[in-house]
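# Structure at a glance
Chain by chain, the residues run as shown.
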Amino acid sequence: MNTSSHPPGRVNVVGSGPNGLTAGALLARAGWDVQIFERAPHPGGAAASTTSIFGDGVVVDQGAAGHPFGVASPAFRELELTNHGLEWVHPEFPMAHPLPDAPAALLRQNLNATASGLGEDKNAWTRLHRGLTEHIGDHVENLLAPTLGWPAHPLRLAGFGPLALPPATVTASMFRTPAAKALFMGSAAHAIAPLQHPFTSAFGALFGALGMTSGWPVARGGTGAVVDALVRVLETHGARLHLDTPVSDLRELPPADAVVLNLTPGQVMELGGLPDRGLSRGTRRRLSSWRYGTAAYKLDLLLNGPLPWRDERVAGAGTVHVVGSPEDLVAAEREAARGRLARRPFVMVCQQQGADPTRMPSGARAGQTVVWTYAHVPHGYREQRPGEVAELILDQLERFAPGTRDRVVAQHEVSPAQLEAWNPNLVGGDIAGGSMTGLQALLRPGFTADPHRLGEIPGGPRLYLASSSTPPGAGVHGMPGLWASRAVLADHTN
(Lines give C-alpha, C1' and ligand atoms only; values in the text may rest on other atoms or scores of the structure.)
Protein backbone atom coordinates (compact mmCIF):
# COMPACT_ATOMS: atom_id res chain seq x y z
CA MET A 1 0.00 0.00 0.00
CA ASN A 2 1.27 3.47 -0.86
CA THR A 3 1.43 5.55 2.32
CA SER A 4 2.96 8.61 0.62
CA SER A 5 0.98 11.84 0.29
CA HIS A 6 2.28 11.98 -3.28
CA PRO A 7 0.76 9.91 -6.07
CA PRO A 8 2.76 6.82 -7.10
CA GLY A 9 5.32 7.33 -9.81
CA ARG A 10 6.83 5.36 -12.66
CA VAL A 11 10.03 3.35 -12.34
CA ASN A 12 12.18 1.43 -14.78
CA VAL A 13 14.28 -1.41 -13.38
CA VAL A 14 17.27 -2.58 -15.42
CA GLY A 15 18.14 -6.17 -14.61
CA SER A 16 15.92 -8.84 -13.11
CA GLY A 17 18.17 -10.49 -10.58
CA PRO A 18 16.64 -10.99 -7.12
CA ASN A 19 17.53 -7.42 -6.16
CA GLY A 20 15.92 -5.87 -9.22
CA LEU A 21 12.83 -8.04 -8.80
CA THR A 22 12.61 -7.20 -5.09
CA ALA A 23 12.86 -3.46 -5.77
CA GLY A 24 10.24 -3.76 -8.48
CA ALA A 25 7.91 -5.86 -6.34
CA LEU A 26 8.07 -3.49 -3.38
CA LEU A 27 7.46 -0.45 -5.58
CA ALA A 28 4.63 -2.16 -7.46
CA ARG A 29 3.05 -3.08 -4.15
CA ALA A 30 3.25 0.62 -3.21
CA GLY A 31 1.24 1.43 -6.31
CA TRP A 32 4.01 2.44 -8.68
CA ASP A 33 3.99 1.75 -12.40
CA VAL A 34 6.89 -0.70 -12.66
CA GLN A 35 8.63 -1.92 -15.80
CA ILE A 36 11.56 -4.33 -15.56
CA PHE A 37 13.96 -4.84 -18.47
CA GLU A 38 16.05 -8.02 -18.70
CA ARG A 39 18.55 -8.94 -21.41
CA ALA A 40 18.13 -12.71 -20.90
CA PRO A 41 15.13 -14.79 -21.99
CA HIS A 42 14.30 -15.52 -18.35
CA PRO A 43 14.29 -13.46 -15.14
CA GLY A 44 16.44 -14.08 -12.09
CA GLY A 45 20.03 -13.34 -13.03
CA ALA A 46 22.26 -15.86 -11.27
CA ALA A 47 19.32 -17.13 -9.20
CA ALA A 48 18.26 -19.58 -11.88
CA SER A 49 17.53 -23.26 -12.32
CA THR A 50 17.32 -25.32 -15.49
CA THR A 51 16.45 -28.83 -16.66
CA SER A 52 18.36 -28.47 -19.93
CA ILE A 53 21.85 -29.48 -18.76
CA PHE A 54 21.27 -33.16 -18.02
CA GLY A 55 17.76 -33.49 -19.48
CA ASP A 56 14.93 -35.77 -18.32
CA GLY A 57 13.71 -33.12 -15.88
CA VAL A 58 16.89 -33.11 -13.74
CA VAL A 59 16.99 -29.72 -11.97
CA VAL A 60 20.34 -27.92 -11.85
CA ASP A 61 20.89 -24.63 -10.05
CA GLN A 62 22.91 -22.53 -12.48
CA GLY A 63 24.06 -20.05 -9.86
CA ALA A 64 23.13 -19.73 -6.20
CA ALA A 65 22.20 -22.94 -4.38
CA GLY A 66 22.04 -22.75 -0.55
CA HIS A 67 20.23 -19.83 1.09
CA PRO A 68 21.14 -18.98 4.70
CA PHE A 69 20.36 -15.32 4.03
CA GLY A 70 17.31 -15.99 1.88
CA VAL A 71 15.40 -17.78 4.62
CA ALA A 72 16.32 -14.98 7.07
CA SER A 73 15.71 -12.09 4.65
CA PRO A 74 13.50 -9.24 5.90
CA ALA A 75 12.83 -8.33 2.25
CA PHE A 76 11.49 -11.77 1.37
CA ARG A 77 9.50 -11.83 4.58
CA GLU A 78 7.97 -8.43 3.79
CA LEU A 79 6.97 -9.70 0.33
CA GLU A 80 5.57 -12.92 1.87
CA LEU A 81 7.24 -15.10 -0.73
CA THR A 82 6.23 -18.28 1.08
CA ASN A 83 2.63 -17.26 0.34
CA HIS A 84 3.51 -17.10 -3.35
CA GLY A 85 4.79 -20.64 -3.82
CA LEU A 86 8.26 -20.52 -2.28
CA GLU A 87 9.06 -23.39 0.08
CA TRP A 88 12.31 -23.69 2.01
CA VAL A 89 13.47 -27.24 2.72
CA HIS A 90 16.26 -28.15 5.12
CA PRO A 91 18.90 -30.87 4.94
CA GLU A 92 19.80 -32.95 7.97
CA PHE A 93 22.93 -30.83 8.53
CA PRO A 94 23.34 -27.29 7.21
CA MET A 95 27.04 -27.82 6.52
CA ALA A 96 29.86 -30.35 6.76
CA HIS A 97 33.62 -30.09 6.42
CA PRO A 98 35.41 -33.41 5.71
CA LEU A 99 38.85 -33.66 7.27
CA PRO A 100 41.88 -35.78 6.33
CA ASP A 101 42.27 -38.85 8.54
CA ALA A 102 39.52 -37.71 10.94
CA PRO A 103 35.73 -37.63 11.15
CA ALA A 104 34.09 -34.71 9.38
CA ALA A 105 33.14 -31.55 11.27
CA LEU A 106 29.37 -31.01 11.22
CA LEU A 107 27.36 -27.83 11.62
CA ARG A 108 23.96 -28.69 13.07
CA GLN A 109 20.89 -26.48 13.22
CA ASN A 110 21.43 -26.01 16.94
CA LEU A 111 24.26 -24.38 18.86
CA ASN A 112 24.51 -26.93 21.66
CA ALA A 113 24.39 -29.89 19.28
CA THR A 114 27.13 -28.38 17.11
CA ALA A 115 29.32 -27.55 20.09
CA SER A 116 28.88 -31.03 21.59
CA GLY A 117 30.42 -32.52 18.45
CA LEU A 118 33.59 -30.45 18.81
CA GLY A 119 35.12 -32.17 21.84
CA GLU A 120 37.47 -29.95 23.79
CA ASP A 121 36.36 -26.92 21.76
CA LYS A 122 32.77 -27.22 22.94
CA ASN A 123 32.97 -24.33 25.38
CA ALA A 124 34.99 -22.06 23.09
CA TRP A 125 32.54 -22.63 20.22
CA THR A 126 29.61 -21.85 22.50
CA ARG A 127 31.20 -18.67 23.86
CA LEU A 128 31.91 -17.40 20.35
CA HIS A 129 28.43 -18.01 18.97
CA ARG A 130 25.98 -17.79 21.86
CA GLY A 131 25.32 -14.06 21.61
CA LEU A 132 24.78 -14.33 17.88
CA THR A 133 22.46 -17.31 17.97
CA GLU A 134 20.38 -16.02 20.89
CA HIS A 135 19.76 -12.71 19.10
CA ILE A 136 20.14 -13.70 15.47
CA GLY A 137 17.17 -11.57 14.36
CA ASP A 138 18.71 -8.41 15.78
CA HIS A 139 22.08 -9.19 14.20
CA VAL A 140 20.55 -9.90 10.80
CA GLU A 141 18.69 -6.59 10.97
CA ASN A 142 21.93 -4.77 11.81
CA LEU A 143 24.13 -6.50 9.26
CA LEU A 144 21.68 -6.35 6.36
CA ALA A 145 21.29 -2.60 6.86
CA PRO A 146 21.86 -0.17 3.97
CA THR A 147 24.72 1.88 5.42
CA LEU A 148 27.14 2.11 8.30
CA GLY A 149 24.84 4.59 10.04
CA TRP A 150 23.20 4.17 13.43
CA PRO A 151 22.11 0.52 13.68
CA ALA A 152 18.69 -0.73 14.69
CA HIS A 153 20.26 -2.60 17.61
CA PRO A 154 23.40 -0.68 18.63
CA LEU A 155 24.28 -2.81 21.65
CA ARG A 156 24.18 -5.96 19.53
CA LEU A 157 26.45 -4.36 16.92
CA ALA A 158 28.82 -3.19 19.61
CA GLY A 159 29.10 -6.77 20.79
CA PHE A 160 29.58 -8.13 17.28
CA GLY A 161 32.17 -5.58 16.18
CA PRO A 162 35.18 -6.97 18.08
CA LEU A 163 34.33 -10.44 16.77
CA ALA A 164 33.83 -9.28 13.17
CA LEU A 165 36.97 -7.21 12.75
CA PRO A 166 39.84 -9.75 13.02
CA PRO A 167 40.97 -12.08 10.26
CA ALA A 168 39.34 -15.50 10.43
CA THR A 169 42.75 -17.06 11.05
CA VAL A 170 43.11 -15.01 14.24
CA THR A 171 39.66 -15.86 15.59
CA ALA A 172 40.11 -19.54 14.71
CA SER A 173 43.25 -19.63 16.88
CA MET A 174 40.98 -19.72 19.93
CA PHE A 175 40.14 -23.32 18.96
CA ARG A 176 42.36 -26.30 19.55
CA THR A 177 40.85 -28.89 17.23
CA PRO A 178 41.07 -28.98 13.44
CA ALA A 179 37.31 -29.63 13.37
CA ALA A 180 36.33 -26.36 15.05
CA LYS A 181 38.90 -24.37 13.10
CA ALA A 182 37.74 -25.84 9.80
CA LEU A 183 34.07 -25.33 10.60
CA PHE A 184 34.64 -21.65 11.41
CA MET A 185 37.06 -20.86 8.61
CA GLY A 186 35.01 -22.77 6.05
CA SER A 187 32.13 -20.41 6.77
CA ALA A 188 34.54 -17.48 6.60
CA ALA A 189 35.59 -18.61 3.12
CA HIS A 190 32.20 -17.38 1.87
CA ALA A 191 33.87 -13.96 1.94
CA ILE A 192 35.79 -15.28 -1.11
CA ALA A 193 38.87 -13.54 0.25
CA PRO A 194 42.12 -14.58 1.95
CA LEU A 195 41.34 -15.63 5.49
CA GLN A 196 44.19 -13.52 6.86
CA HIS A 197 42.24 -10.38 5.85
CA PRO A 198 40.31 -8.25 8.33
CA PHE A 199 36.54 -8.71 8.54
CA THR A 200 36.63 -12.35 7.37
CA SER A 201 35.72 -13.40 10.92
CA ALA A 202 32.37 -11.68 10.40
CA PHE A 203 31.52 -14.19 7.68
CA GLY A 204 32.68 -17.14 9.76
CA ALA A 205 30.59 -16.13 12.75
CA LEU A 206 27.48 -15.01 10.87
CA PHE A 207 27.24 -17.91 8.42
CA GLY A 208 27.74 -20.34 11.28
CA ALA A 209 25.15 -18.61 13.46
CA LEU A 210 22.60 -18.59 10.63
CA GLY A 211 23.21 -22.30 10.06
CA MET A 212 22.67 -23.03 13.74
CA THR A 213 19.40 -21.05 13.86
CA SER A 214 17.37 -20.59 10.66
CA GLY A 215 19.56 -23.05 8.75
CA TRP A 216 21.00 -23.20 5.23
CA PRO A 217 17.98 -24.40 3.29
CA VAL A 218 17.40 -24.86 -0.41
CA ALA A 219 14.33 -23.83 -2.38
CA ARG A 220 12.06 -26.73 -3.30
CA GLY A 221 12.21 -27.23 -7.05
CA GLY A 222 15.39 -25.18 -7.46
CA THR A 223 16.65 -21.69 -6.73
CA GLY A 224 14.51 -20.51 -9.63
CA ALA A 225 11.54 -21.00 -7.31
CA VAL A 226 12.65 -17.86 -5.42
CA VAL A 227 12.44 -15.93 -8.67
CA ASP A 228 9.10 -17.50 -9.56
CA ALA A 229 7.67 -16.25 -6.25
CA LEU A 230 9.01 -12.74 -6.85
CA VAL A 231 7.49 -12.70 -10.33
CA ARG A 232 4.13 -13.75 -8.88
CA VAL A 233 4.25 -10.77 -6.52
CA LEU A 234 5.08 -8.50 -9.46
CA GLU A 235 2.21 -9.89 -11.51
CA THR A 236 -0.19 -9.49 -8.59
CA HIS A 237 0.55 -5.77 -8.51
CA GLY A 238 0.58 -5.16 -12.25
CA ALA A 239 4.30 -4.80 -12.92
CA ARG A 240 5.53 -5.54 -16.44
CA LEU A 241 8.56 -7.71 -17.15
CA HIS A 242 10.30 -7.31 -20.52
CA LEU A 243 12.56 -10.27 -21.31
CA ASP A 244 15.08 -10.48 -24.18
CA THR A 245 15.34 -6.70 -23.85
CA PRO A 246 18.93 -5.55 -23.28
CA VAL A 247 19.44 -1.93 -22.25
CA SER A 248 22.63 -0.30 -23.47
CA ASP A 249 21.49 3.32 -23.19
CA LEU A 250 19.15 4.77 -20.57
CA ARG A 251 17.65 7.00 -23.23
CA GLU A 252 16.08 3.86 -24.72
CA LEU A 253 13.82 3.49 -21.68
CA PRO A 254 10.31 4.92 -21.40
CA PRO A 255 9.82 8.10 -19.35
CA ALA A 256 10.00 7.51 -15.61
CA ASP A 257 10.56 9.22 -12.29
CA ALA A 258 13.21 6.74 -11.22
CA VAL A 259 15.56 4.14 -12.71
CA VAL A 260 16.83 1.29 -10.53
CA LEU A 261 19.93 -0.44 -11.86
CA ASN A 262 20.48 -4.07 -10.84
CA LEU A 263 24.03 -3.86 -12.19
CA THR A 264 27.57 -3.83 -10.86
CA PRO A 265 29.67 -0.65 -11.21
CA GLY A 266 31.35 -1.91 -14.38
CA GLN A 267 28.03 -2.26 -16.19
CA VAL A 268 26.81 1.13 -14.91
CA MET A 269 29.85 2.85 -16.38
CA GLU A 270 29.19 1.26 -19.77
CA LEU A 271 25.61 2.53 -20.07
CA GLY A 272 24.87 5.07 -22.76
CA GLY A 273 23.71 8.37 -21.31
CA LEU A 274 26.18 7.85 -18.46
CA PRO A 275 28.55 8.60 -16.87
CA ASP A 276 28.60 12.17 -18.25
CA ARG A 277 24.92 12.70 -17.46
CA GLY A 278 23.54 12.37 -13.96
CA LEU A 279 26.64 11.12 -12.15
CA SER A 280 28.85 13.40 -10.12
CA ARG A 281 32.61 13.31 -10.54
CA GLY A 282 32.92 11.61 -7.17
CA THR A 283 30.38 8.93 -8.08
CA ARG A 284 32.13 8.26 -11.40
CA ARG A 285 35.41 7.93 -9.57
CA ARG A 286 33.93 5.49 -7.05
CA LEU A 287 32.37 3.32 -9.73
CA SER A 288 35.47 3.35 -11.93
CA SER A 289 37.74 2.28 -9.07
CA TRP A 290 35.57 -0.70 -8.10
CA ARG A 291 37.60 -3.91 -7.79
CA TYR A 292 36.37 -7.38 -8.70
CA GLY A 293 37.60 -10.42 -6.83
CA THR A 294 38.26 -14.14 -6.81
CA ALA A 295 36.22 -16.15 -9.31
CA ALA A 296 34.18 -19.33 -9.28
CA TYR A 297 34.58 -22.24 -11.66
CA LYS A 298 31.41 -24.31 -11.67
CA LEU A 299 31.15 -28.05 -12.22
CA ASP A 300 27.82 -29.88 -12.18
CA LEU A 301 27.90 -33.66 -11.92
CA LEU A 302 25.36 -36.35 -12.65
CA LEU A 303 26.25 -39.49 -10.71
CA ASN A 304 24.86 -43.02 -10.86
CA GLY A 305 24.38 -42.92 -7.09
CA PRO A 306 25.15 -40.64 -4.14
CA LEU A 307 28.58 -39.23 -3.47
CA PRO A 308 30.50 -42.03 -1.71
CA TRP A 309 31.67 -40.01 1.29
CA ARG A 310 34.20 -41.73 3.50
CA ASP A 311 32.35 -40.26 6.48
CA GLU A 312 28.80 -41.30 5.65
CA ARG A 313 27.29 -38.51 7.75
CA VAL A 314 28.42 -35.97 5.16
CA ALA A 315 25.69 -37.27 2.84
CA GLY A 316 23.18 -35.51 5.09
CA ALA A 317 24.76 -32.06 4.66
CA GLY A 318 23.26 -29.53 2.28
CA THR A 319 26.56 -27.68 1.86
CA VAL A 320 29.98 -29.33 2.06
CA HIS A 321 33.30 -27.48 2.15
CA VAL A 322 35.77 -29.75 0.41
CA VAL A 323 39.35 -28.56 0.79
CA GLY A 324 41.00 -30.52 3.61
CA SER A 325 42.69 -29.23 6.73
CA PRO A 326 42.45 -25.65 8.02
CA GLU A 327 45.94 -25.11 6.62
CA ASP A 328 44.81 -26.37 3.20
CA LEU A 329 41.92 -23.91 3.30
CA VAL A 330 44.09 -20.91 4.16
CA ALA A 331 46.55 -21.80 1.40
CA ALA A 332 43.82 -22.31 -1.20
CA GLU A 333 42.18 -18.92 -0.62
CA ARG A 334 45.55 -17.16 -0.53
CA GLU A 335 46.62 -18.69 -3.85
CA ALA A 336 43.37 -17.79 -5.63
CA ALA A 337 43.57 -14.17 -4.46
CA ARG A 338 47.18 -13.96 -5.67
CA GLY A 339 46.17 -15.07 -9.15
CA ARG A 340 47.43 -18.63 -8.87
CA LEU A 341 45.41 -21.80 -9.27
CA ALA A 342 45.72 -23.85 -6.10
CA ARG A 343 46.45 -27.53 -6.59
CA ARG A 344 43.95 -28.19 -3.82
CA PRO A 345 41.36 -25.43 -4.28
CA PHE A 346 38.47 -24.64 -2.00
CA VAL A 347 35.51 -26.56 -3.43
CA MET A 348 31.96 -25.95 -2.31
CA VAL A 349 29.55 -28.81 -2.87
CA CYS A 350 25.78 -28.54 -2.58
CA GLN A 351 23.67 -31.68 -2.20
CA GLN A 352 20.23 -30.12 -2.69
CA GLN A 353 18.67 -33.42 -3.71
CA GLY A 354 18.98 -34.82 -0.19
CA ALA A 355 16.53 -32.23 1.11
CA ASP A 356 14.62 -31.84 -2.14
CA PRO A 357 14.06 -35.13 -4.00
CA THR A 358 12.13 -33.25 -6.71
CA ARG A 359 15.51 -32.28 -8.20
CA MET A 360 15.71 -35.83 -9.60
CA PRO A 361 12.38 -36.99 -11.03
CA SER A 362 11.43 -40.64 -11.14
CA GLY A 363 11.85 -42.44 -14.42
CA ALA A 364 14.91 -42.49 -16.63
CA ARG A 365 17.20 -40.96 -13.97
CA ALA A 366 15.90 -42.86 -10.94
CA GLY A 367 18.73 -43.71 -8.55
CA GLN A 368 20.99 -40.99 -9.91
CA THR A 369 22.22 -37.90 -8.06
CA VAL A 370 22.86 -34.38 -9.27
CA VAL A 371 25.70 -32.60 -7.49
CA TRP A 372 26.45 -28.86 -7.64
CA THR A 373 30.06 -27.73 -7.12
CA TYR A 374 32.32 -24.79 -7.68
CA ALA A 375 35.97 -24.03 -6.95
CA HIS A 376 37.52 -20.70 -6.05
CA VAL A 377 39.96 -19.75 -8.81
CA PRO A 378 41.80 -16.54 -9.75
CA HIS A 379 39.73 -13.71 -11.17
CA GLY A 380 39.09 -14.30 -14.88
CA TYR A 381 41.10 -17.52 -14.80
CA ARG A 382 41.68 -19.15 -18.20
CA GLU A 383 42.63 -22.80 -18.14
CA GLN A 384 45.99 -23.94 -19.39
CA ARG A 385 44.33 -27.04 -20.81
CA PRO A 386 40.68 -28.10 -21.19
CA GLY A 387 39.21 -29.65 -18.07
CA GLU A 388 42.07 -28.51 -15.83
CA VAL A 389 39.89 -27.14 -13.03
CA ALA A 390 37.28 -29.87 -13.30
CA GLU A 391 40.03 -32.41 -12.70
CA LEU A 392 41.16 -30.55 -9.58
CA ILE A 393 37.59 -30.49 -8.28
CA LEU A 394 37.27 -34.23 -8.86
CA ASP A 395 40.66 -34.77 -7.20
CA GLN A 396 39.37 -32.99 -4.11
CA LEU A 397 36.19 -35.07 -4.10
CA GLU A 398 38.21 -38.28 -4.44
CA ARG A 399 40.16 -37.40 -1.30
CA PHE A 400 36.99 -37.50 0.82
CA ALA A 401 34.57 -39.46 -1.36
CA PRO A 402 36.79 -42.09 -3.02
CA GLY A 403 35.17 -43.62 -6.08
CA THR A 404 33.42 -40.42 -7.17
CA ARG A 405 34.95 -40.54 -10.67
CA ASP A 406 33.60 -44.03 -11.21
CA ARG A 407 30.07 -42.76 -10.57
CA VAL A 408 30.15 -39.83 -13.02
CA VAL A 409 27.55 -40.26 -15.75
CA ALA A 410 27.86 -36.73 -17.12
CA GLN A 411 29.43 -33.43 -16.15
CA HIS A 412 28.98 -29.82 -17.14
CA GLU A 413 31.73 -27.22 -16.73
CA VAL A 414 31.30 -23.43 -16.57
CA SER A 415 34.45 -21.29 -16.57
CA PRO A 416 34.68 -17.73 -15.22
CA ALA A 417 34.44 -16.39 -18.78
CA GLN A 418 31.35 -18.49 -19.43
CA LEU A 419 29.77 -17.30 -16.17
CA GLU A 420 30.25 -13.70 -17.27
CA ALA A 421 28.89 -14.42 -20.75
CA TRP A 422 25.81 -15.96 -19.15
CA ASN A 423 25.37 -13.09 -16.68
CA PRO A 424 27.49 -9.94 -17.24
CA ASN A 425 27.19 -9.03 -13.55
CA LEU A 426 29.54 -11.97 -12.82
CA VAL A 427 32.56 -10.01 -13.99
CA GLY A 428 35.53 -12.32 -14.50
CA GLY A 429 33.60 -15.03 -12.68
CA ASP A 430 33.24 -12.92 -9.50
CA ILE A 431 29.94 -14.08 -7.98
CA ALA A 432 30.00 -11.53 -5.13
CA GLY A 433 29.58 -8.35 -7.17
CA GLY A 434 33.06 -7.16 -6.25
CA SER A 435 35.99 -8.03 -4.06
CA MET A 436 35.21 -8.46 -0.37
CA THR A 437 38.71 -7.42 0.68
CA GLY A 438 39.69 -4.24 2.47
CA LEU A 439 37.10 -1.52 2.87
CA GLN A 440 35.05 -2.91 -0.01
CA ALA A 441 33.86 -5.52 2.47
CA LEU A 442 32.09 -2.71 4.33
CA LEU A 443 31.76 0.26 1.99
CA ARG A 444 29.96 -0.88 -1.12
CA PRO A 445 30.32 0.62 -3.70
CA GLY A 446 32.83 3.04 -2.19
CA PHE A 447 33.20 5.69 0.45
CA THR A 448 29.64 6.91 0.71
CA ALA A 449 26.94 6.90 3.34
CA ASP A 450 24.29 6.78 0.60
CA PRO A 451 25.25 3.79 -1.58
CA HIS A 452 21.90 3.14 -3.26
CA ARG A 453 21.46 6.64 -4.71
CA LEU A 454 23.53 7.36 -7.82
CA GLY A 455 22.32 10.78 -8.95
CA GLU A 456 19.79 12.46 -11.18
CA ILE A 457 19.79 13.02 -14.92
CA PRO A 458 19.02 16.70 -15.61
CA GLY A 459 15.39 16.89 -16.63
CA GLY A 460 15.11 13.13 -16.26
CA PRO A 461 14.81 10.39 -13.64
CA ARG A 462 16.68 9.86 -10.44
CA LEU A 463 19.10 6.94 -10.55
CA TYR A 464 19.47 4.16 -7.97
CA LEU A 465 21.73 1.13 -7.62
CA ALA A 466 20.44 -2.20 -6.32
CA SER A 467 22.91 -5.02 -6.81
CA SER A 468 25.30 -7.17 -4.79
CA SER A 469 27.82 -4.34 -5.19
CA THR A 470 25.73 -2.34 -2.71
CA PRO A 471 25.05 -3.12 0.95
CA PRO A 472 24.60 -5.62 2.35
CA GLY A 473 26.33 -7.48 -0.49
CA ALA A 474 26.01 -10.79 -2.27
CA GLY A 475 23.42 -13.49 -1.71
CA VAL A 476 19.87 -14.25 -2.74
CA HIS A 477 18.10 -12.12 -0.15
CA GLY A 478 16.85 -9.06 -2.05
CA MET A 479 18.07 -6.58 0.54
CA PRO A 480 19.82 -4.17 -1.89
CA GLY A 481 16.53 -4.07 -3.75
CA LEU A 482 14.64 -3.31 -0.55
CA TRP A 483 16.95 -0.43 0.36
CA ALA A 484 16.89 1.00 -3.17
CA SER A 485 13.09 0.88 -3.22
CA ARG A 486 12.90 2.68 0.12
CA ALA A 487 15.24 5.36 -1.22
CA VAL A 488 12.95 5.78 -4.24
CA LEU A 489 9.88 6.11 -2.05
CA ALA A 490 11.58 8.54 0.35
CA ASP A 491 12.79 10.77 -2.50
CA HIS A 492 9.38 10.76 -4.15
CA THR A 493 7.73 11.78 -0.89
CA ASN A 494 10.12 14.70 -0.29
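Presented here is an overview of the structure given in this document.

Quick notes on the rules
Counting restarts for each chain, with residues numbered from 1 along the sequence as it is written. Under the rules for a predicted model, residues below a pLDDT of 70 receive no local features and side-chain atom pairs below 80 are neither given nor counted, while totals for whole chains, interfaces and linings still include all residues. As a rule here, side-chain values come from all non-hydrogen atoms in the structure, and water together with hydrogens is ignored. Exposure classes here rest on a 1.4 Å probe applied to the protein chains alone. A residue is buried below 20% of its type maximum, exposed above 50%, and partly exposed in between. Note on conventions: DSSP H or I runs of at least 4 residues are helices, E runs of at least 2 residues are strands, and numbering of each starts at the N terminus. A pair of strands is treated as paired once DSSP finds two or more bridges between them. A pair of aromatic rings is counted whenever rings of Phe, Tyr or Trp (Trp by its six-membered ring) have centres within 6.5 Å, and the orientation is called stacked for planes under 30 degrees apart, edge-to-face for over 60 and tilted otherwise. In this analysis an axis means a line fitted to C-alpha atoms, helices contributing only their contacting stretch, and an angle means the value between N-to-C directions, from 0 to 180 degrees. Contact criterion: two residues are considered in contact whenever any of their non-hydrogen atoms come within 4.5 Å of each other. Expected helix span is computed as 1.5 Å times (number of residues minus one). The bend reported for a residue corresponds to the angle between axes fitted to the seven residues ending at that residue and the seven starting there. In this analysis a 1.4 Å probe is tested at points of a 1 Å grid over the protein atoms alone, and where it fits but cannot get out there is a cavity; an open set with protein on both sides within 12 Å along at least five of seven lines is a pocket; lining residues have an atom within 4 Å of a point. Grid points are joined across faces, edges and corners, and a volume is the space filled by probe spheres set on the points. Ten residue types, Ala, Val, Leu, Ile, Met, Phe, Trp, Tyr, Cys and Pro, are classed as nonpolar, four, Asp, Glu, Lys and Arg, as charged, and the remainder, Gly among them, as polar. Reported orientations rely on four angle classes, namely roughly parallel under 35 degrees, roughly antiparallel over 145, roughly perpendicular from 65 to 115, and oblique for the rest.

Regular strands show a simple pattern: their side chains alternate between the two faces of the sheet. Among the 6 residues in strand β12 (residues 317-322), 6 count as buried, and that is most of the element. In the sheet, strand β6 (residues 93-99) pairs with β12 via 3 bridges, with the strands oriented parallel. Following the sheet pairing, Phe 93 is matched in β12 by Ala 317. Bridge analysis of β12 against strand β13 (residues 347-350) gives 4 bridges, and the strand direction is antiparallel. Across the sheet, the residue bridging to Val 320 is Val 349, located in β13.

Moving on, we come to the packing of aromatic side chains. Taken as a whole and assessed by the stated rule, the structure comprises 6 aromatic pairs. With 6.3 Å between their ring centres and 20 degrees between their planes, Phe 203 and Phe 207 make a pair best called stacked. In this pair, Phe 203 and Phe 207 are both assigned in helix α9 (residues 200-211), 4 residues apart and thus about one turn of the helix distant. For the pair Phe 203 and Phe 207, one class covers both residues: buried. Of the aromatic side chains, those joined through ring pairs into one cluster are Phe 69, Phe 203, Phe 207 and Trp 216.

What follows deals with the sheet that holds β6. Spatially, 7 strands are ordered β7-β6-β12-β13-β14-β11-β15 in an open sheet, and the strand pairing comes out mixed. The sheet is open, and its two borders are formed by β7 (102-107) and β15 (408-414), each paired with just one other strand. Going across the sheet, the axis of each strand differs from the next one's by a mean of 20 degrees, ignoring polarity.

What the 6 strands build is an open sheet, ordered β9-β2-β1-β10-β17-β16; its pairing is mixed. The open sheet has two edge strands, β9 (240-242) and β16 (453-456), and neither has a second partner. The sheet shows a mean angle of 20 degrees between the axes of neighbouring strands, taken without regard to direction. One ladder, built from 5 bridges, connects strand β1 (residues 10-14) with strand β2 (residues 33-37); its direction is parallel. Counted as the bridge partner of Asn 12 is Gln 35 from β2. Against the sheet, helix α1 (residues 18-29) contacts β1, β2 and β10 (258-261), and its axis sits at roughly 165 degrees relative to β2.

Before going further, it helps to spend a moment on the environment of Gly 221. Mapped onto the fold, Gly 221 is located in the loop between β8 (218-219) and α10 (224-236). The partly exposed category is assigned to Gly 221, whose relative accessible area is 35%. Taking the C-alpha atoms as reference points, Gly 221 and Gly 481, 260 residues apart in sequence, are found 24 Å from one another. Non-local contacts of Gly 221, meaning those with residues more than four positions away in its chain, are made with Val 59, Asp 356, Thr 358 and Arg 359.

Another aspect to go through is helix α4 (residues 122-134). When the terminal C-alpha atoms of α4 are compared, their 17 Å separation across 13 residues agrees well with the 18 Å that a helix rising 1.5 Å per residue should span. Along α4, the largest kink reaches about 40 degrees and is centred on Leu 128. The complete set of buried residues in α4 reads Ala 124, Trp 125, Thr 126, Leu 128, His 129, Leu 132 and Thr 133.

So, about empty space enclosed by the protein. Across all of its chains, the model carries 2 cavities of 30 Å³ or more by this definition. Estimated volume of the largest cavity: approximately 40 Å³. Every residue along the wall of the largest cavity is listed here: Val 59, Val 60, Asp 61, Asp 300, Gln 352, Arg 359, Val 370, Val 371 and Trp 372. Broken down by secondary-structure element, the contributors of at least two residues to the lining of the largest cavity are β4 (60-61) and β14 (369-377). Per-element tally for the lining of the largest cavity: the top contributor is β14, with 3 residues. Residue composition of the lining of the largest cavity, by class: 5 nonpolar, 1 polar and 3 charged. A volume near 30 Å³ is recorded for the second largest cavity.

What follows deals with the packing of α4 against helix α8 (residues 178-188). One can describe the packing of α4 onto α8 by two numbers: an axis separation of 11 Å at closest approach and a directional angle of 25 degrees. Judged by the angle between their axes, α4 and α8 are roughly parallel. Each of Trp 125, Leu 128 and His 129 in α4 lies in contact with α8, whose residues at this interface are Ala 180, Leu 183 and Phe 184. Of the residues assigned to the contact of α4 with α8, the class counts are 5 nonpolar, 1 polar and no charged.

Let us look at unusual backbone geometry. Here Pro 471 and Pro 472 are connected by a cis peptide whose omega angle stands at 5 degrees. Looking at where Pro 472 falls in the secondary structure, it is placed in the loop between β17 (462-465) and α18 (479-493). Its identity as a non-glycine residue notwithstanding, Ile 192 has a phi of 50 degrees, on the positive side. Tracing the backbone through its elements, the reader meets Ile 192 in the loop between α8 and α9. Owing to a relative accessible area of 10%, Ile 192 belongs among the buried residues under this scheme.

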